[in-house]
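# Descriptive analysis of the structure
The residues making up each chain are set out below.
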Amino acid sequence: AKFFGTFAAQVPPGGTVVDLGAGDGTLAQKLAVDGTRVIAVDSKEPSMRKLGVEWIISSVQDWVNAMAPDFTADAFLLKNILQFMEKAWVLETLLPTLAMHLKRGGVIGIETFHAPSDPPFKTHISFYRATELQKSFKGWKVILQEESEETAKDINKNEKKFSLTRIIVRKQVN
């Protein structure tokens, strides 16, 4: 809750936010207040369309690769999606592309996790440290940067430890 609340507080009223890997759109809808334009990108159709949210049914990779050259946003939210993507593409293409399309003074919020499992959970292909992500945003203001070990129940109701990385950065105005 702290990560999302901190991120949401950085979004200017009436700004444009892109929620990449929006899932069911719960967070996208929470952002769709005060005239904020919210674009939710996910590969799956949501079970219910959320009010005030523009849906784009697409993989994040396809959407980013097809982004109009003049498109800009005030904020990009990437919550629990990076661990499903190839690390080289994230660090060499995704994050630099988002940085280029972010307005000055805009923010990028990233939350990602890694849950070691036996056998390995194949869809979790990448793990990121906050310092590693921060390298993509040199000279930007760090609003939040944290790493933690947490415990939660997996789909079989077993307690599992996982590593969580959160970072929120602001693109400098100058």
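What comes next concerns the included structure. Keep in mind that what you see is a predicted model, and the values were worked out from it rather than measured.

### Section: unusual backbone geometry
- Phi is positive for Asn80, which is not a glycine, with a value near 55 degrees.
- For Asn80, the location among the structural elements is in the loop between β4 (73-79) and α4 (87-101).

### So, the pattern of salt bridges
- Taken as a whole and judged by the stated rule, the model has nine salt bridges.
- Lys2 is the salt-bridge partner of Glu146, the closest N and O atoms lying 3.6 Å from each other. Residue Glu146 is found in strand β6 (residues 141-153), and its partner Lys2 is found in helix α1 (residues 2-10); the two are separated by 144 residues along the sequence.
- Relative accessible area serves as the criterion here: at 54%, Lys2 is assigned to the exposed category.
- Note that Arg166 and Glu111 form a salt bridge whose closest N and O atoms lie 2.6 Å from each other. With Arg166 in strand β7 (residues 159-170) and Glu111 in strand β5 (residues 102-114), the pair connects residues that are 55 residues apart, well separated along the chain.
- By relative accessible area, which is 14% here, Arg166 ends up buried.

### Let's talk about the packing of aromatic side chains
- By the definition in use, this model includes three aromatic pairs.
- Ring centres of Trp63 and Phe71 lie 5.8 Å apart, and the angle between their planes is 85 degrees; this geometry places the pair in the edge-to-face category.
- Given the relative accessible area of 15%, Phe71 is considered buried.
- Geometrically, the ring pair formed by Phe137 and Trp140 is tilted, given 4.9 Å between the ring centres and 45 degrees between the ring planes. Pair check on accessibility: Phe137 and Trp140 agree, each one buried.

Calculation rules
Residues numbered from 1 in each chain as written. Predicted model: local features only at pLDDT ≥ 70, side-chain atom pairs only at ≥ 80, totals over all residues. Heavy atoms only, no water. Helix = DSSP H or I, 4+ residues; strand = E, 2+ residues; numbered from the N terminus. Salt bridge = Lys/Arg side-chain N within 4 Å of Asp/Glu carboxyl O. Buried < 20%, exposed > 50% of the residue type's maximum accessible area, 1.4 Å probe, protein only. Phe/Tyr/Trp six-rings, centres within 6.5 Å; stacked < 30°, edge-to-face > 60°.

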